[in-house]
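# Architecture and fold: a report
Next come the chains, spelled out residue by residue.
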Amino acid sequence: MTSADIARLADERRGVDWSAAETDSPVSTASPVAMAQARALLRQHQDPQRRSYATYDDADLLRALGVATADGRLLNAGRVLFCDPDPAFPAEELLVYQYRRSPGGEPAEIARLSQPLISAYLRIQEHVEARVDKTPLLLPDGQQVYLADLPEAAVREAVANAVIHRDYRSPGPVHVEHAPTQLVVTSPGPLVQGVTVDNILSTPSRPRNFRLTAAVRVLGLAEQAGVGVERMYREMIRLGHQPPQIREDWGSVRVSLLGGAPNKAIARYVASLPEEYADDADAMLVLFALLSKRTVTAEQLTPVLQKPIDEVAGVLRKLDGDDVAMVEPTRETIRRRYPTYRLREQVIRELGAAVGYRRRTQDDIDRKVIEAVQEIGQITGKMVQLLLDVDGSRASRILADLVDRQLLIKTSHQQRGPGVTYGPGPRFPLRKGRRRSVSSKPGADRVPVEDQPEQQELFTDDV
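### With respect to helix α9 (residues 228-237)
Across the ten residues that make up α9, a large majority, nine, are buried. Burial in α9 covers these residues: Gly228, Val229, Arg231, Met232, Tyr233, Arg234, Glu235, Met236 and Ile237. Packing partners of the buried residues in α9 comprise α7 (152-165), β9 (245-249), β10 (252-258), α10 (264-272), α11 (275-278) and α12 (281-290).

Here's what the structure looks like:
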């Protein structure tokens, strides 16, 4: 470890905040342009209290942001946010933006930005927004929205987290490398002690630069404490993109956002969810996992959600609720403490090709055939082919299995061939509200679906 590394760790353990250290710079050295930008941001804030800060004079505003002392001196946070570079020293770069027409190509544009940080940050956002494509999407309610290849909220959080959590005692700028459908942000300094890439979603916020972080959040440049990383995950997944890739190399942290044209089926489905679920990073991570896997368990999702197994199980139970109806436990595991979950059939239909498989369980087959017989009184092999989109041999096996389990019986004189018809068998389920028959005729022993023995789950692939 270098002496700088040792000093940083010692400060973190003692709770020393570099951004809270006092400087010799008076509040009068704050850039008028930077102060005007701060007021413009505050005037747009939803919180009336913060909007009122826009009317304060410079000294009062800087104190309200927590970056100046009562006697009118700036803290390190205030100087880096609002002051121009000291003319007596070479201007140090805070942010370097590079745009490449392809990820491995030569830079088509390079912008080297120094203090004040607020101006450099806003300039980076302008560079990215100018080069992000947008795709129109018609929502189920008829509203048309435009979805960016790289979600604005995810970009904002990636850059904001880099500038507020970096180690300002380590040399070098924050690098923002932008290519079509891709953004990579690299910041100097490792993650704060106690935070790793394996717990970054669930660990309470531990800002390295507390005063700077608080000021940036008051200005509305980043989310409130503890939800910025979750927001990156949520915003990427809800458009059908991969979750952010976060990697800690020696002396730096790298965040990659891999975007592209949004998956309209996923975006449309997420838009139809109740707001509390559409804005929930845990719900989006469960959905993302089930796009490529037929089933998941709380144990399998524990490292994904970065939470204890009981909390993950609670998330899955919540997504099984009637208000969202995203997942359901499989029949053979429903009574277990930690059941195995799958997407509901209706959800799979809505997601369409976004799902890397098509699930068909024995329960689904039974339900579809039973509903058809309940409606028209009988069914044939040809009807099963059309109903389940299977070939003739598969339809024959399905009907034979239903006969073996006494859900159906043959009702025609013809016993073989396409002319065979099937009707309700002794264990054919009753419609809700009907009383059990006591007749000795075929079907007298019919029982409701919930009284039938559990059946083995079967899958057919349709990738």
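### Here we look at the side chain of Thr297
Structurally, the position occupied by Thr297 is in strand β11 (residues 296-297). The contact partners of Thr297, leaving out residues within four places of it in the chain, are Leu316, Pro339 and Thr340.

### Description of the side chain of Asn76
As for its position among the elements, Asn76 is in helix α5 (residues 76-82). Filtering out sequence-adjacent residues up to four positions away, Asn76 remains in contact with Trp18, Ser19, Ala21 and Thr23.

### Details of the nonpolar core
Residues Phe82, Leu257, Leu343 and Leu351 are the most contacted members of the largest nonpolar core, which totals 104 residues. Among the elements that line this core, the one with the most residues is α7, at eight residues. The contacts of Phe82, once residues within four sequence positions are left out, are Ala30, Ser31, Ala34, Met35, Ala38, Leu62, Leu65, Val67, Pro116, Ile118 and Leu219. Grouped together as the second largest cluster of nonpolar side chains are 18 residues, Ile370, Val390, Ile398 and Phe428 included.

### Focus: the sheet that holds strand β15 (residues 408-410)
Paired through backbone hydrogen bonds, the strands of a sheet run either parallel or antiparallel to each other. Taken together, the three strands give an open sheet; going across it, the order is β14-β16-β15, and neighbouring strands pair in antiparallel fashion. The open sheet has two edge strands, β14 (379-380) and β15, and neither has a second partner. Relative to strand β16 (residues 421-424), β14 runs antiparallel, the two sharing two bridges. By the bridge assignment for β16, Thr380 is matched with Thr421.

### Let's talk about unusual backbone geometry
Each neighbour pair has its own omega, and for Gln115 with Pro116 the value is 0°, a cis peptide bond. Looking at where Pro116 falls in the secondary structure, it is placed in the loop between β4 (107-114) and α6 (117-129). Positioned with a positive phi, Ala325 is a non-glycine residue whose angle comes to about 50°. Mapped onto the elements, Ala325 comes out in the loop between α14 (309-319) and β12 (327-329).

### A look at the pattern of salt bridges
For the structure on display, the rule yields 25 salt bridges. Across the pair Asp249 and Arg247 runs a salt bridge, and its minimum N-O distance is 3.2 Å. Overall, Asp249 belongs to the partly exposed group, its relative accessible area being 31%. Each of Arg234, Glu235, Arg238 and Asp279 takes part in salt bridges that share partners, so that together they form one network.

### A word on the sheet that holds β12
An order of β11-β13-β12 is seen for the three strands of this open sheet, with the pairing classed as antiparallel. The open sheet has two edge strands, β11 and β12, and neither has a second partner. Here three bridges tie β12 to strand β13 (residues 340-343), and the two strands are oriented antiparallel to one another. Looking at the pairing, Val327 lines up with Leu343 of β13.

### Let's talk about the pairing of β16
Alignment of β15 against β16, held across three bridges, turns out to be antiparallel. In the strand pairing of β16, Lys410 is matched with Tyr422.

### Things to note about the packing of helix α17 (residues 381-388) against helix α18 (residues 392-404)
One can describe the packing of α17 onto α18 by two numbers: an axis separation of 9 Å at closest approach and a directional angle of 105°. One element, α17, and the other, α18, form an angle in the roughly perpendicular class. Across from Gly381, Val384, Gln385 and Leu388 in α17, the residues of α18 making contact are Gly392, Ala395, Ile398 and Leu399. Class assignment for the residues of the contact of α17 with α18 results in five nonpolar, three polar and no charged.

Criteria and thresholds
- Residues numbered from 1 in each chain as written.
- Predicted model: local features only at pLDDT ≥ 70, side-chain atom pairs only at ≥ 80, totals over all residues.
- Heavy atoms only, no water.
- Buried < 20%, exposed > 50% of the residue type's maximum accessible area, 1.4 Å probe, protein only.
- Helix = DSSP H or I, 4+ residues; strand = E, 2+ residues; numbered from the N terminus.
- Contact = heavy atoms within 4.5 Å.
- Core = buried A, V, L, I, M, F, W, Y, C linked by side-chain atoms within 4.5 Å.
- Pairing = 2+ DSSP bridges.
- Salt bridge = Lys/Arg side-chain N within 4 Å of Asp/Glu carboxyl O.
- Axes fitted to C-alpha atoms, helices over the stretch in contact; angles between N-to-C directions.
- Parallel < 35°, antiparallel > 145°, perpendicular 65-115°, else oblique.
- Nonpolar A, V, L, I, M, F, W, Y, C, P; charged D, E, K, R; others polar.

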